[in-house]
There are 2 protein chains.
Amino acid sequence: MVFKKVSRIKIPEATIRRLSLYDRCLEELQRSGKRIVSSSDIARKCGTNPAQIRKDFAYFGEFGVRGVGYYVENLQKDIKRALGIDRSWNCALVGAGNLGFALLGTDSLAKRGFKISAIFERDPILVEMGSFQDIPLFGMDDMQRVVSEFGIKIGIIAVSPENALKVAHSLIDAGVKGILNFTPTTIKVPPGAILKNVDFAIDLEGIAFQMSSD
Amino acid sequence: MVFKKVSRIKIPEATIRRLSLYDRCLEELQRSGKRIVSSSDIARKCGTNPAQIRKDFAYFGEFGVRGVGYYVENLQKDIKRALGIDRSWNCALVGAGNLGFALLGTDSLAKRGFKISAIFERDPILVEMGSFQDIPLFGMDDMQRVVSEFGIKIGIIAVSPENALKVAHSLIDAGVKGILNFTPTTIKVPPGAILKNVDFAIDLEGIAFQMSSD
DNA sequence: ACGTGTGAAGCATTTCACAGCG
DNA sequence: CGCTGTGAAATGCTTCACACGT
């Protein structure tokens, strides 16, 4: 196996998203006892095409064996390494409302190496509780201190839209480099910081569009 | 204003997503009292570029006035019409867990014309409650009947991953044509039906990737 | 013989630059 | 004159087809 040290080559966003998908599929394939898979196997499982999969891998190195296929276990390691999830990421959740609790309730974050190590909340009554599910709860004023003490790298914004911008700026000021924003608010981050938006209303509108123009 | 009847021209997915964004920005601009905007105004507000905005609009018609700009109110109507959200969509929520409640707790769905008119849940004890926030609660067995009686067009899957596939098939069988899937499960739908996935773990992995290869 | 890895072709989307029109 | 609307150029992504290694 050869793992290219990719740094200055530009990799399509879509490739990264697909790698995450492949990783999931591999987990299932591994559970079902498969040791070796071909690009067509993966393609069938996750609804892409084999050539695309091979191209996606090729950005990062040669993960397979010609004439044979991919060793599932190795491939998974390689993908995780390529994605940067071969380790744990310290995250903070901002906003202890319905959505925040929903995020904590699911294990899909923890399972993929994203650890929520602090929660920030505006409402003093909630903060008074001190912690939630063993995760310490802080007021907004503690953000600067806690982010640096805990080594928090990623902030998850799950507050109401009106407060999203302020929260984003506080996070950036506190030194957070990556933000996942669940509010329908346009946020701008300085160069070097990374922002991604999760906005299911947009997806619903996409569905509405396709259903209208069938 | 000219509104093209677009039907057989293929419009990029990305264009549709951006139209949703523009629509949001316009709401803000309108609240701030602006009557007329230029493509650069919108671009500044939502972080795209003017040429792209004009191109996006051009798929659907001529929404602006040369030398002047766009009348905010008209433009919003045109965009909503283009997206197919100039009316209300009947939706069903499947899964009354944390995530489901979080979705109900936000007004961002209702505000954009997506009305949740029924909830389906597996746990009989919850179903026993009969309704939640005035929205009727049903068991899974009632899906076929309720979907057709209520005229439900879109299903939102917020159950645990293990049950997602079964739920998706039930929805399709019941006649639902659009599905928004919140679980990390690969679902396949028959041609004619539309599926979109919301998967924030993938977005987090995208952040992790960029932060690793800075 | 088989399935990966990869240049090249094909296709889609974005950006440019300017004509057109109020 | 200013800003939209739009063909044409540039860029980016996906698919093809075959060489390569086992």
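Small disclaimer: the values here were computed from a predicted structure and weren't measured. (Residues numbered from 1 in each chain as written. Chains lettered and ligands numbered in written order. Predicted model: local features only at pLDDT ≥ 70, side-chain atom pairs only at ≥ 80, totals over all residues. Heavy atoms only, no water.)

Visitor: It is not clear to me how the relation of the copies chain A and chain B should be interpreted in this structure. Could you clarify?
Guide: Each of the two chain copies can be generated from the other by rotation about an axis followed by a shift along it. Superposition of chain A onto chain B requires a rotation of 180° combined with a translation of 0.0 Å along the rotation axis, giving an RMSD of 0.0 Å. Expressed as an axis order, the relation between the two copies is that of a two-fold axis. When the interface residues of chain A are mapped onto chain B, 100% of them again fall at the interface, so both copies present the same face. (Least-squares fit on C-alpha atoms with pLDDT ≥ 70 in both. Contact = heavy atoms within 4.5 Å.)

Visitor: Which parts of the structure should I look at to understand the sheet that holds strand S9 (residues 154-157) of chain B?
Guide: Each strand in a sheet pairs with another by means of backbone hydrogen bonds, the pair being arranged parallel or else antiparallel. Residues and elements named next belong to chain B. Reading across the sheet, the 7 strands line up as S7-S8-S6-S5-S9-S10-S11 and stay open at both edges, with mixed pairing between neighbours. Only two strands of the sheet have a single partner each, and these edge strands are strand S7 (131-132) and strand S11 (194-197). Direction of pairing for strand S6 (residues 114-120) relative to strand S8 (residues 135-138): parallel, over a ladder of 2 bridges. Looking across to S8, one finds that Ile119 is bridged to Leu137. (Pairing = 2+ DSSP bridges. Helix = DSSP H or I, 4+ residues; strand = E, 2+ residues; numbered from the N terminus.)

Visitor: How do you make sense of the protein's contact with DNA strand D when you look at a structure like this?
Guide: In the vicinity of DNA strand D there are 24 residues, among which A:Asn49, B:Ser39, B:Arg54, B:Gly64 and B:Gly67 approach most closely. When the atoms of DNA strand D within 4 Å of the protein are sorted by group, sugar and phosphate make up 63%. A:Asn49 is positioned with one of its side-chain polar atoms (N or O) 2.5 Å from a phosphate oxygen of DNA strand D. Separating a sugar or linking oxygen of DNA strand D from a side-chain N or O atom of B:Glu62 is a distance of 3.5 Å. Elements that contribute at least two residues to the surface near DNA strand D include exactly helix H1 (13-31) and helix H3 (50-58) of chain A together with helix H3 (50-58) of chain B. At 4 residues, the largest contribution of residues to the surface near DNA strand D is made by H3(A). (Near = heavy atom within 4 Å. Polar contact = N/O pair within 3.5 Å; in protein donor to acceptor, adjacent residues only side chain to side chain.)

Visitor: Would you explain the domain arrangement of chain A in this entry?
Guide: Interface size, as often reported, equals the accessible area lost upon joining of the parts. Domain boundaries in chain A define domain 1 (2-83) and domain 2 (89-202). For domain 1 of chain A versus domain 2 of chain A, the distance between C-alpha centres works out to 31 Å. (Domains from an automatic or database assignment.)

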